[in-house]
Protein chains: 4
Amino acid sequence: MSSSWGERIRISIFGGSHTQGIGVNIDGLPAGEEIDWQRVLDQMTRRAPGQDPTATARREADQPKVLCGLLDGMTTGAPLCAVIENTNQRSKDYGQLRVLPRPGHADYTAHVKYRGYNDVRGGGHFSGRLTAPLVFAGAVARQLLARRGIAVGSHVMAIGGVKDEPFDSVNLSSKLLNRLNQLYFPVINLQAQEAMRGEVERARMAQDSVGGIVECGIIGLPVGVGNPMFDGVENLIASIVFGIPAVKGIEFGAGFSVAELLGSENNDEMYICEDGRVRGVSNNAGGILGGITNGMPLVFRTAFKPTPSIAKEQDTVDLRTMTNARLSITGRHDPCIVPRAAAAVEAAACLAALELLAQSGML
Amino acid sequence: MSSSWGERIRISIFGGSHTQGIGVNIDGLPAGEEIDWQRVLDQMTRRAPGQDPTATARREADQPKVLCGLLDGMTTGAPLCAVIENTNQRSKDYGQLRVLPRPGHADYTAHVKYRGYNDVRGGGHFSGRLTAPLVFAGAVARQLLARRGIAVGSHVMAIGGVKDEPFDSVNLSSKLLNRLNQLYFPVINLQAQEAMRGEVERARMAQDSVGGIVECGIIGLPVGVGNPMFDGVENLIASIVFGIPAVKGIEFGAGFSVAELLGSENNDEMYICEDGRVRGVSNNAGGILGGITNGMPLVFRTAFKPTPSIAKEQDTVDLRTMTNARLSITGRHDPCIVPRAAAAVEAAACLAALELLAQSGML
Amino acid sequence: MSSSWGERIRISIFGGSHTQGIGVNIDGLPAGEEIDWQRVLDQMTRRAPGQDPTATARREADQPKVLCGLLDGMTTGAPLCAVIENTNQRSKDYGQLRVLPRPGHADYTAHVKYRGYNDVRGGGHFSGRLTAPLVFAGAVARQLLARRGIAVGSHVMAIGGVKDEPFDSVNLSSKLLNRLNQLYFPVINLQAQEAMRGEVERARMAQDSVGGIVECGIIGLPVGVGNPMFDGVENLIASIVFGIPAVKGIEFGAGFSVAELLGSENNDEMYICEDGRVRGVSNNAGGILGGITNGMPLVFRTAFKPTPSIAKEQDTVDLRTMTNARLSITGRHDPCIVPRAAAAVEAAACLAALELLAQSGML
Amino acid sequence: MSSSWGERIRISIFGGSHTQGIGVNIDGLPAGEEIDWQRVLDQMTRRAPGQDPTATARREADQPKVLCGLLDGMTTGAPLCAVIENTNQRSKDYGQLRVLPRPGHADYTAHVKYRGYNDVRGGGHFSGRLTAPLVFAGAVARQLLARRGIAVGSHVMAIGGVKDEPFDSVNLSSKLLNRLNQLYFPVINLQAQEAMRGEVERARMAQDSVGGIVECGIIGLPVGVGNPMFDGVENLIASIVFGIPAVKGIEFGAGFSVAELLGSENNDEMYICEDGRVRGVSNNAGGILGGITNGMPLVFRTAFKPTPSIAKEQDTVDLRTMTNARLSITGRHDPCIVPRAAAAVEAAACLAALELLAQSGML
């Protein structure tokens, strides 16, 4: 299988880059939740290509059509299924892809797994386009979370060697998150964005691409959701975030830097806040201890590899003849998907947060 | 829930640091697999504390007793349950833990989640001791994998600021992995080990602790196991690895460093090997493309935070009075769990690899 | 949740009687399976209303549209999603249903569960119409099974007091099953069908409805699929068959009649068949021992309650005023759904059989 | 797999008739629930053999030992694992079972599935003895239910041709259920019990065995738990009840008799009760409409086949030589397991009810 995620809030994503339609079925939503359609479309737009020089020129309508699960703008409690028609496929020859797998893509692994029957057009079910239904589902989840005081937002923390200011994980505010989660290219420091655009432009000029890091925050989760061992918050978030194409790593709180810390540096000492709540003076735990939320901002970072589709000629193999070959990829491709990926990371975070609430009987 | 993992090969882990016993039930093992008991015990020993100055002086017998599932040393196809009795608990007062949660531990989050009814003795179900049944299950899985040509091994890649030589992820050999997976403190470069021991010793002297990184490799997985999106190899491995206490991050292949790479640098160009197989000239993908194995060595790294139990006095809160408080943790504690954690990471990797085979109908 | 079933072959069904569309996403199908579209439509037609005097006059196009998962008539290995548009809804007032729940329907239970936000139009997600996507998914599964020598068929075993001849569960043939699974009103004894039609007609004339029993058989499953305890064949089949609206019971082999049998009568004695296979002289086990197939025909029966929508005036309650009330249901309703239900039972059986093969690594 | 059940309350059962121990791990119990140990043992005793002439003379201590999950008699929220040592195994030769599979048993199917490596001693993992840990888990669940006003009880409704009075499913009281669930041989009409004992005695005298039916009731479930389609109450209960060895059928409410009812007879008309609640004048639905509870007593019946182990000589096959053979089963065997099975059915019902509450966020 491939496209199913979640236990209490289950999403099933379907479709491929060039199939008639793609979409998502969301099962387990509580009834009576109002869904603001414009806010759903706003999130779809953040993910959509074609709006910014960092992205591909390909334009997608990305108008989701709800088949069921909403009545008069309210959830009915029944599965909510939305479909996006694929209207802008260039039908030109994809036969080459079946023969010459693109380095860094799933062309070769899918060819072996599906014995040559996989849909190679545009990457098929492995296409980044599949994040569109994910963002749709996340946009629905986000509205349920907001109603319960939970905010999710992210920023592009790095592109190439250029870094944005990191989150202040102790004082992260829903105000900041709610500002970032409206932006197409969310950053804290606008100068960093300029430099990042420069990185992307350099990559594009070189017929190349560049990777980056998205940092995501969740504010407002109650203390005590999540579980020890395999049903922890980290496990759950990782299990959905690695569903976004191109993700190669995830870290929570201080993440990989904990390797260089002493216990006395890494431990988040606690105190009683003015409002009576328990808080940490630092947040190296990223809001999670023992797999369970501790009430501090939940913070994680996700690494995105550079788009593998580049115009530069590359070495590959010919799967018909099983000989070495050269490949030049043509067509429109993002030199950098990281800004658009922020919307997908947030969507995954929204769905994980909703699942955590549902598992704790808080929906 | 907390302790259940896997779909076709399901493990259920139970117990706490000071309960009468801890153990694991493994459901889904194929029948007729011979289990070499000594090799199981060897893995248990790698994880067990008390054998090395880097670890706690506490000695645990860690003798697993198999209740069922093995007959004449062969798996029967029925659930295999093993129990380890907890024999070496110091029964002294743990009442303080219920009142003064330790920074960096799950004491506070568990207190809220379980409304004060959780077993706080030694960390209860959140104890690192729970990796003993995980290592047991992994040691069983490892033998099934070996029979199918799959080797799993790891090394301590970093402790504090000291780094071991990284894996050569293109030429990683089962010979190296099978050497490392016999060692208590596995490293590639023995000089690095010496320096790491120095780091640990410095932390111990300072009544402190230190974190690190484990790098793990899997050789021999067939091309084509794993799935796109949420059932990918990365999702699966992350879902079990984050079940090991103290893990704060995971990355595959080039991992977080992909953020600084160009597509032309990150893409693994392919060629036809002398033996006719498709291989990459590099392995930034870590053996996984689109969630599916590509036949190259599978490589991932896991970040471990420093042991939170340190003797240094720390700020915490008093959960009875809800006022600020100071805490000094006494007792025996590892200044660094990373060498022992290697056995747990490998166990998780073995179980994930076995699950992948089972899902692909290859068991 | 509600609409998700299966582990290796997962279906997610969505939609309601009067939503814009209904459909199913099938995840986990192997790649490279040819799907004969006409045979899919044939099964859809068997379930569709309006073709027989026993059924409602309401006509549905029931033309499934495949959004993805098929390419040139072959499965791609990616999720296969099909949507059926609801074209023939009479949009008249369903407001009464929100106030006066129909006896025997889910109107009241859904009202409480979804706090009044459920879609009551035509029964919403509880409508028998939801068996259309189930039959679609089953029709796809059936073709994979046929390719592997497995046949599934059923007959209307009883309507009201009239009974068809039961299956000869020892000598059940795929030839018989493949004849039955083409029929709209499948019976073994055509005279029984005539009498059943009489029962249905009498119920219709009396503005009433009538229940029945479907007996289903599966031929060709290998020996040894299924598992002990909770993953047995009976558990699996029951878990999907009870997903068909109006099912109130299921029994395997001799079923409830075992209560009156002695062990010596019920035990199926075994012998070596001419072709060397082990067979039973009887098949009270219905092809399943210890949750595992034994190579004999798999036989089960399912009880369907009479359609609850009847024109006769009935007592109900007014959910606004919480007082007693009277209800007369108007509109077109089947006096008997059992003939059409046969297609749904077979679809469930096909999906269960495919899941069993997948779990056993036989797909 | 085999022994795992449940999503929010997950049980994992392990062991075989003659393994060192059998047991169950229960994951997902809320913390802070007091467990009355004597009441647990009382339920274990109901299931235990050797107390009544209807059962085998074999005596089992069946003393569960809790390894973890309870502290000072309260649940901790961590997995609760209990082990029962197998102390009374007669170690005599079971080699015959590996060669001559017993009709009506899983010997043959397990032999094929596990390629001869299964534990045949006493039926291995297929033994009715596995209901001991099920009853243990159910006894724990029952106490949580009682605290929430939910009662579960059952009676032996039929043995052979002798029938007990059925439940009055409209007026079923927790008082009756709580009386029945204390009895070893629960019936409503004591004269029926006498006649049933006669049936069992006749079977025993004839070296035979006899089957029966258990009827189970659940009182006090809130309206609105359960879900449409595949996550309905019937699906859930069936998925665990078919995990009890020897079950061949299950029906809810009017069950198979609905086939002969008209809609006007089967529909449960509704009215407003004096206490303001909605009730049915009948309860053919068995408390479930559309997979969701309606507040009426939940009633279901389960058919048990006669114990397949009978002393009478039977035809079987020799799996070594693949020739026909004769088999005489010696040893102690129940002529009728139905009275003891009542405890197992209730245990399954208790676990299903607890899972339903957990899924609805009501634990």
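Student: Can you walk me through the overall build of chain A in this structure?
Tutor: Of regular secondary structure, chain A possesses nine helices and 18 strands. Computed over the C-alpha atoms, the radius of gyration of chain A is 21 Å, within 12% of the 21 Å expected from 2.2 N^0.38 for a compact globule of 363 residues. If you line up chain A on its principal axes, its C-alpha atoms span 70 × 50 × 35 Å. For chain A, buried positions account for 69% of its 363 residues. Within chain A, residue pairs in contact and separated by at least 24 positions form 73% of the contacts whose partners lie at least 6 positions apart. As displayed, chain A has an accessible area near 11,200 Å², and 49% of this comes from carbon and sulfur atoms. Where the 35 positive side-chain charges of chain A centre and where its 37 negative ones centre are 8 Å apart.

Student: Please clarify how the sheet that holds strand β4 (residues 64-68) of chain C should be interpreted in this entry.
Tutor: Adjacent strands of a sheet form backbone hydrogen bonds with each other and so pair up, either parallel or antiparallel. Residue and element names in this part refer to chain C. Ordered in space as β1-β2-β3-β7-β4, the five strands form an open sheet in which the pairing is antiparallel. The open sheet has two free edges, formed respectively by β1 (4-5) and β4, since each of these has just one partner strand. Strand direction decides the pairing type here: β4 and strand β7 (residues 80-85), joined by four bridges, are antiparallel. Residue pairing across strands places Cys-68 opposite Cys-81, the latter belonging to β7.

Student: Could you clarify how one ought to interpret the environment of Met-229 of chain B in this entry?
Tutor: Among the structural elements, Met-229 of chain B can be located in the loop between β10 (212-219) and α7 (233-241). Setting aside anything within four residues of it in sequence, one finds Met-229 of chain B in contact with Ser-2, Ser-3, Ile-13, His-125, Leu-130, Phe-242 and Gly-243 of chain A together with Asn-235 of chain B.

Student: For this particular structure, what's the right way to read the state of the cysteines?
Tutor: Residue and element names in this part refer to chain A. Using the criterion set out here, one finds zero disulfides over all chains in the structure. Note on Cys-216: no disulfide assigned, nearest cysteine sulfur contributed by Cys-350 at a separation of 7.5 Å. With relative accessibility at 0%, the residue Cys-216 sits in the buried group.

Student: Help me understand unusual backbone geometry, please; the structure alone is not making it clear to me.
Tutor: A negative phi angle is the norm for most residues apart from glycine, just as the trans form is the norm for most peptide bonds. Of note, Ala-246 of chain A is a non-glycine position whose phi angle comes to about 85°, a positive value. The backbone of Gln-207 of chain B shows a phi angle near 55°, a positive value even though the residue is not glycine. Here Gln-207 of chain B shows up in the loop between α6 (190-205) and β10.

Student: What should I look at first to understand the pattern of salt bridges in this one?
Tutor: A side chain with one charge may pair with a side chain of the opposite charge, provided their charged atoms come close. All names here are of chain A. With the rule as written, the count across this model stands at 77 salt bridges over all chains. When the shortest N-O distance is used, the salt bridge between Arg-148 and Glu-33 registers 2.6 Å. Of this pair, Arg-148 sits in the loop between α4 (131-147) and β8 (151-159) while Glu-33 sits in the loop between β3 (21-27) and α1 (37-47), placing them 115 residues apart in sequence. Residue Glu-33 is classed as buried on the basis of its relative accessible area of 6%. Linked by salt bridges that have partners in common, Glu-33, Arg-147 and Arg-148 make up one network.

Student: Where do I start with the interface of chain B and chain A in this structure?
Tutor: Interfaces are often described in size by the accessible area the parts lose on coming together. The interface of chain B with chain A comprises 102 residues on the first partner and 102 residues on the second. Between chain B and chain A the total buried area reaches about 7,800 Å² when both faces are included, carbon and sulfur atoms providing 64% of it. Counting across the chain B and chain A interface gives four salt bridges. Residue Glu-260 of chain B pairs with Lys-163 of chain A through a salt bridge whose shortest N-O separation is 3.4 Å. Taken together, the connections running from chain B to chain A amount to 39 residue pairs in polar contact (both at pLDDT 80 or more). With six residues, strand β11 (residues 247-252) of chain B is the largest single contributor of residues to the side of chain B that touches chain A. Residue composition of the side of chain B that touches chain A, by class: 49 nonpolar, 36 polar and 17 charged. Relative to β11 of chain B, strand β11 (residues 247-252) of chain A is paired through three bridges, and the arrangement is antiparallel.

Student: Would you mind going over the sheet that holds strand β2 (residues 10-14) of chain A with me for this structure?
Tutor: All names here are of chain A. Within the open sheet, the five strands sit side by side as β1-β2-β3-β7-β4. Their pairing is antiparallel. Each having just a single partner strand, β1 (4-5) and β4 (65-68) make up the two edges of the open sheet. Sheet topology places β4 next to strand β7 (residues 80-85); three bridges connect them, and they run antiparallel. When the sheet's bridge partners are listed, Val-66 is paired in β7 with Ala-82.

Student: Whenever I open this one, the relation of the copies chain C and chain D confuses me. Can you help?
Tutor: Copies of the same chain, two in number, are related to each other by a rotation about an axis and a translation along it. Between chain C and chain D, the superposition needs a rotation of 180° and an axial shift of 0.0 Å, giving an RMSD of 0.0 Å. Put plainly, the chains are arranged around a two-fold axis. Interface overlap between copies: 100% of the residues of chain C at the interface are likewise at the interface in chain D, consistent with a symmetric, same-surface contact.

Student: How should the interface of chain C and chain D be read in this particular structure?
Tutor: In this complex, chain C contributes 102 residues to the contact, which on the side of chain D involves 102 residues. Taken over both partners, the interface formed by chain C and chain D buries close to 7,800 Å², and the fraction arising from carbon and sulfur atoms is 64%. The interface formed by chain C and chain D contains four salt bridges. Across the chain C-chain D interface, the total number found is 39 residue pairs in polar contact (both at pLDDT 80 or more). With six residues, the single largest contributor to the side of chain C that touches chain D is strand β11 (residues 247-252) of chain C.

Student: I'm lost on the relation of the copies chain B and chain A in this one. Help?
Tutor: When chain B is fitted onto chain A, the two copies agree to an RMSD of 0.0 Å after a turn of 180° and an axial shift of 0.0 Å. Residue by residue, 100% of the interface of chain B is reproduced at the interface of chain A, so both copies engage with the same surface.

Student: How do you make sense of helix α6 (residues 190-205) of chain D when you look at a structure like this?
Tutor: All names here are of chain D. Compared with an ideal rise of 1.5 Å per residue, which puts 16 residues at 22 Å, α6 spans 23 Å between its outermost C-alpha atoms and is within 8% of the ideal. Residues of α6 that are buried include every one of Ala-192, Gln-193, Met-196, Val-200 and Ala-203, and no others. Projected onto a plane normal to the axis of α6, the buried residues spread over an arc of 100° and lie on a single side. Exposed positions of α6 whose direction lies more than 90 degrees from the buried face are Leu-190, Gln-191, Arg-202 and Met-205.

Student: Even after reading the chapter, I still don't get the pairing of β11 of chain C, so can you show me in this structure?
Tutor: In regular strands, side chains alternate between the two faces of the sheet. Residue and element names in this part refer to chain C. Counting buried positions along β11 yields six of six residues, so the element is predominantly enclosed. Summarising the sheet, β11 and strand β16 (residues 298-304) pair through five bridges and their orientation is antiparallel. The residue bridging Phe-252 from the neighbouring strand is Phe-300, located in β16.

Student: Help me understand the environment of Ala-342 of chain D in this model?
Tutor: Inspection of the secondary structure assignment puts Ala-342 of chain D in helix α9 (residues 338-359). Leave out the neighbours within four places in its chain, and Ala-342 of chain D touches Arg-46, Ser-154, Pro-186 and Val-214 of chain D.

Student: Mind showing me how you'd approach the side chain of Glu-33 of chain A here?
Tutor: Side chain to side chain, Glu-33 of chain A and Arg-147 of chain A meet in a polar contact 2.4 Å long. When near neighbours in sequence (up to four residues on either side) are disregarded, Glu-33 of chain A contacts Gly-73, Met-74, Thr-75, Leu-144, Arg-147 and Arg-148 of chain A.

Student: Sorry if this is basic, but what is going on with the packing of helix α1 (residues 37-47) of chain C against helix α9 (residues 338-359) of chain C here?
Tutor: Working note: a packed helix pair is described by the angle between its axes plus the distance between those axes. All names here are of chain C. Following both chains from N to C, one finds α1 and α9 inclined at 135°, their axes separated by 7 Å at the closest point. By the angle between their axes, α1 is oblique relative to α9. Of α9, the residues touching α1 (which contributes Gln-43, Arg-46 and Arg-47) are Arg-340, Ala-342, Ala-343 and Glu-346. Split by residue class, the contact of α1 with α9 holds two nonpolar, one polar and four charged.

Student: Even after reading the chapter, I still don't get the confidence of the model for chain A, so can you show me in this structure?
Tutor: Reading fine detail from the predicted coordinates is not recommended where pLDDT is low. For chain A, per-residue confidence averages 94 on the pLDDT scale, and residues scoring 70 or more make up 94% of the total. Scored as a complex, the prediction yields pTM 0.97 and ipTM 0.97.

Student: Any chance you could explain α7 of chain B here in plain terms?
Tutor: Residue pairs three or four apart in sequence face the same way in an α-helix, which turns once every 3.6 residues. The element α7 of chain B is largely enclosed, with a buried count of nine among its nine residues. The set of residues buried in α7 of chain B consists of Val-233, Glu-234, Asn-235, Leu-236, Ile-237, Ala-238, Ser-239, Ile-240 and Val-241 of chain B.

Cut-offs used in this document
Residues numbered from 1 in each chain as written. Chains lettered and ligands numbered in written order. Predicted model: local features only at pLDDT ≥ 70, side-chain atom pairs only at ≥ 80, totals over all residues. Heavy atoms only, no water. Helix = DSSP H or I, 4+ residues; strand = E, 2+ residues; numbered from the N terminus. Rg over C-alpha atoms; globule rule 2.2 N^0.38 Å. Buried < 20%, exposed > 50% of the residue type's maximum accessible area, 1.4 Å probe, protein only. Contact = heavy atoms within 4.5 Å. Areas by Shrake-Rupley, 256 points an atom, 1.4 Å probe, with all protein chains shown as cover. Lys, Arg positive; Asp, Glu negative; His and termini not counted. Charge placed at Lys NZ, Arg CZ, Asp CG, Glu CD. Pairing = 2+ DSSP bridges. Disulfide = S-S within 2.5 Å. Salt bridge = Lys/Arg side-chain N within 4 Å of Asp/Glu carboxyl O. Buried area = accessible area lost by both parts, 1.4 Å probe. Polar contact = N/O pair within 3.5 Å; in protein donor to acceptor, adjacent residues only side chain to side chain. Nonpolar A, V, L, I, M, F, W, Y, C, P; charged D, E, K, R; others polar. Least-squares fit on C-alpha atoms with pLDDT ≥ 70 in both. Expected span 1.5 Å × (residues − 1). Arc of directions from axis to C-beta. Axes fitted to C-alpha atoms, helices over the stretch in contact; angles between N-to-C directions. Parallel < 35°, antiparallel > 145°, perpendicular 65-115°, else oblique. pLDDT = per-residue confidence, 0-100.

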